[in-house]
Amino acid sequence: MIDSLYPTLCHRLEGLALDNPDLLACTELDSQAQTRASWTYGELWKEVELRAAGILERGLQGERVVLALPSGLEFLATFHACLQAG
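Counting restarts for each chain, with residues numbered from 1 along the sequence as it is written. Given that the model is predicted, a residue must reach a pLDDT of at least 70 before its local features are reported, and side-chain atom pairs must reach 80 or more before they are shown or counted; all residues, however, enter totals for whole chains, interfaces and linings. To get the side-chain values, take all heavy atoms of the structure and skip hydrogens and water.

(A) Layout of the packing of helix α1 (residues 9-19) against helix α2 (residues 41-57). A fitted line through C-alpha atoms represents every axis, and for helices the fit uses only the stretch in contact; the resulting angles, taken between N-to-C directions, go from 0 to 180 degrees. Only DSSP runs of H or I covering at least 4 residues are called helices, and only runs of E covering at least 2 are called strands; the numbering of each starts at the N terminus. At a closest axis distance of 8 Å, the pairing of α1 and α2 adopts a crossing angle of 130°. Taken together, α1 and α2 sit at an angle that is classed as oblique. The handedness of the crossing between α1 and α2 comes out as left-handed. Here C10, L13, E14, L16 and A17 of α1 lie close against α2, whose contacting residues are Y41, G42, L44, W45 and V48. Across the contact of α1 with α2, the residue classes tally to 8 nonpolar, 1 polar and 1 charged. Our angle categories are set so that under 35 degrees counts as roughly parallel, over 145 as roughly antiparallel, 65 to 115 as roughly perpendicular, and the remainder as oblique. With the far helix as reference, a near helix turned anticlockwise by less than a right angle produces a left-handed crossing, and one turned clockwise produces a right-handed crossing. Any two residues whose heavy atoms approach within 4.5 Å are treated as being in contact. Here the nonpolar group is Ala, Val, Leu, Ile, Met, Phe, Trp, Tyr, Cys and Pro; Asp, Glu, Lys and Arg are the charged ones; every other residue, Gly included, is treated as polar.

This is how it looks when you write it as structure tokens:
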């Protein structure tokens, strides 16, 4: 639930990463439902921050983007990075 402490999805994700950095956040499965990769909240937030910084360095804040990525961890981090970078 989004509340005044976490007014946006990015605030909530950052809060989870700070409070529970080692807690499993997401898992990517292969076609046989076997774990392909997984990230903790700390790892996910680190990826989000790195990608958001890249977006901002390129001067793309406020611009439209197309996320041409397959579903999975890379998409998740890039989507949240776009939100974080504005």
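(B) Region of the structure containing the confidence of the model for the protein. For every residue, the predictor states its confidence as a pLDDT score lying anywhere from 0 to 100. Per-chain confidence: the protein averages 91 in pLDDT, with 93% of residues scoring 70 or above. Ranking the elements of the protein by mean pLDDT puts α1 last, at 92, and α2 first, at 96.

(C) Fine view of the state of the cysteines. Two cysteine sulfur atoms make up a disulfide if the distance between them is within 2.5 Å. Counted by the stated rule, this structure contains 0 disulfides. The structure places no disulfide on C82, whose sulfur is separated from the nearest cysteine sulfur, that of C10, by 9.7 Å. Residue burial is assigned from relative accessible area. The probe radius is 1.4 Å, only protein chains are included, and a residue is buried under 20% of its type maximum, exposed over 50%, and partly exposed in between. Given a relative accessible area of 18%, C82 falls into the buried group.

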